Amino acid sequence: YNICLGIGMFLYALIGLFFLRKILLNYFKDSTVAILLIAYVFGSNYLNYSSIDQAMTHNSLFTIYTLLIFTTIQFYKSPNFKKTFLIGCLTGLATLIRPTDIISILIPLCWNISSLKDFKNRISFLKINIPIVVFAVIPFVLIIFIQPLYWKFATGNWIVYSYQDQGFNWFKPHVLNYAFSYRSGWLLFCPMLLFAFIGIVPFIQMRKNLLAVLAFFFLNFYIVTAWDVWDYGGRAMIQSYPILAFPFAALIEKVNQRKYLMYLFYPVFILFLYLN
């Protein structure tokens, strides 16, 4: 059973990486995408959660997010009920696995929006395609309903909060501790993802998918750091890596345009690979 579970989760990881590559090739060079995949697979904590601690939620969520982004891209190329049904299934599944990932709905709602004009066009698009959009709600609700249905069966109550006295501190998120503390600080033990933060600048200059990427990333980071037990490590950021791939790849592409930047970037990149 354990061996089959491990093989299955490893297969999910490969599927996630396969679709992440397909997504990024829509926006970046093949060489850029290859370097980014090396960074994720060998230079980040994704290595651990795709090969060792596989059965935690983060590996499967990583793949779900790649499938969601890929389906969203295809949906806006040619909207239809099949694609919106898949979007509803994927956002519902992400929410079922980890309730805070209900913010995954930001991706299909905000994709391709980078300006006020894009935002207005999206409102018009949603109005014109109301039946198609509403159709996504059906699988979303049905999948989420699996959890309270099980709670009712197992305990007699529709809602069960299993974390007891743990919760969120919305007004005092543990941003610095979560990112840099020696007690499992995400960026201290996984510094490769610092490049994703730096890449926000060249990514903004690209003027593509700004609202979806930036809104999801910062909201997710806020939610993760607001959890009371902040020293559980950087694993909760792994499902956001498909989104963080955009600023990260933007930085790689910018670096590869200047030799002096390459001389600065790649020695540090190799050091982070070795550290991981």
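Look up: the structure comes first, before these words.
Quick look at the structure, then. (Residues numbered from 1 in each chain as written. Predicted model: local features only at pLDDT ≥ 70, side-chain atom pairs only at ≥ 80, totals over all residues. Heavy atoms only, no water.)

### Looking at unusual backbone geometry
Of note, Arg207 is a non-glycine position whose phi angle comes to about 60°, a positive value. When you line up the elements, Arg207 lands in the loop between helix H14 (200-206) and helix H15 (210-226). Residues other than glycine seldom take positive phi values, yet Asn209 does so here, at roughly 55°. In this structure Asn209 comes out as buried when scored by relative accessible area, which is 2%. (Helix = DSSP H or I, 4+ residues; strand = E, 2+ residues; numbered from the N terminus. Buried < 20%, exposed > 50% of the residue type's maximum accessible area, 1.4 Å probe, protein only.)

### Looking at the packing of aromatic side chains
The geometry of an aromatic ring pair is captured by two quantities: the separation of the ring centres and the angle between the planes. Tallied over the full model, the rule gives 35 aromatic pairs. Seen in terms of ring centroids, Trp170 and Tyr222 are 5.7 Å apart; in terms of plane orientation they differ by 40°. Their pairing is tilted. Of the two residues, Trp170 is situated in the loop between helix H10 (146-155) and helix H11 (175-180) and Tyr222 in helix H15; the sequence distance between them amounts to 52 residues. (Phe/Tyr/Trp six-rings, centres within 6.5 Å; stacked < 30°, edge-to-face > 60°.)

### Observations regarding a nonpolar patch on the surface
A surface patch of nonpolar side chains, amounting to about 350 Å² of accessible area, comprises Leu116, Phe119, Ile123 and Leu211. By residue number, the principal contributor to the nonpolar patch is helix H7 (residues 116-128), which donates 3 residues. With respect to the element layout, Phe119 can be found in helix H7. By relative accessible area, Phe119 is classed as partly exposed at 41%. (Patch = residues over 30% accessible without salt bridge, like charges linked within 9 Å, V, L, I, M, F, W, Y side chains within 5 Å. Areas by Shrake-Rupley, 256 points an atom, 1.4 Å probe, with all protein chains shown as cover. Salt bridge = Lys/Arg side-chain N within 4 Å of Asp/Glu carboxyl O.)

### Describing the nonpolar core
Grouped together as the largest cluster of nonpolar side chains are 73 residues, with contacts concentrated most on Tyr40, Trp111, Trp186, Leu193, Tyr241, Phe246 and Phe248. Setting aside chain neighbours within four positions, we find Trp111 in contact with Tyr27, Ile69, Thr72, Ile73, Tyr76, Leu106, Arg122, Asn209, Ala212, Ile243 and Phe246. (Core = buried A, V, L, I, M, F, W, Y, C linked by side-chain atoms within 4.5 Å. Contact = heavy atoms within 4.5 Å.)

### Focus on the environment of Gly6
Along the chain, Gly6 falls in helix H1 (residues 2-24). On the basis of relative accessible area, Gly6 is assigned to the buried category, the value being 17%. Separated by 45 residues in sequence, Gly6 and Ser51 place their C-alpha atoms 7.7 Å apart.

### Concerning helix H9 (residues 137-144)
When H9 is considered as a whole, its buried residues turn out to be Pro139, Phe140 and Ile143. Projected onto a plane normal to the axis of H9, the buried residues spread over an arc of 105° and lie on a single side. Lining the buried residues of H9 we find helix H5 (81-97), helix H8 (130-135) and H10. (Arc of directions from axis to C-beta.)

### Side note on the pattern of salt bridges
For side chains bearing opposite charge, pairing can occur when the charged atoms are close. The full count for this structure, using the stated rule, is 3 salt bridges. Residue Asp30 is joined to Arg21 by a salt bridge in which the shortest nitrogen-to-oxygen separation is 3.2 Å. Judged by its relative accessible area of 41%, Asp30 is partly exposed. Looking at Arg21, the relative accessible area reads 35%, which means it is partly exposed. Taking the shortest distance from any N to any O, the salt bridge between Asp101 and Arg98 comes out at 3.9 Å. Taking relative accessible area as the criterion, Asp101 reaches 1% and is therefore assigned buried.

### Things to note about the environment of Leu109
As for its placement among the helices and strands, Leu109 is situated in helix H6 (residues 106-110). Judged by relative accessible area, Leu109 falls into the partly exposed class, the value being 40%. Along the primary structure Leu109 and Leu211 are separated by 102 residues, whereas in three dimensions their C-alpha atoms are 9.6 Å apart. Residues in contact with Leu109, not counting those within four places in the same chain, are Tyr76 and Arg122.

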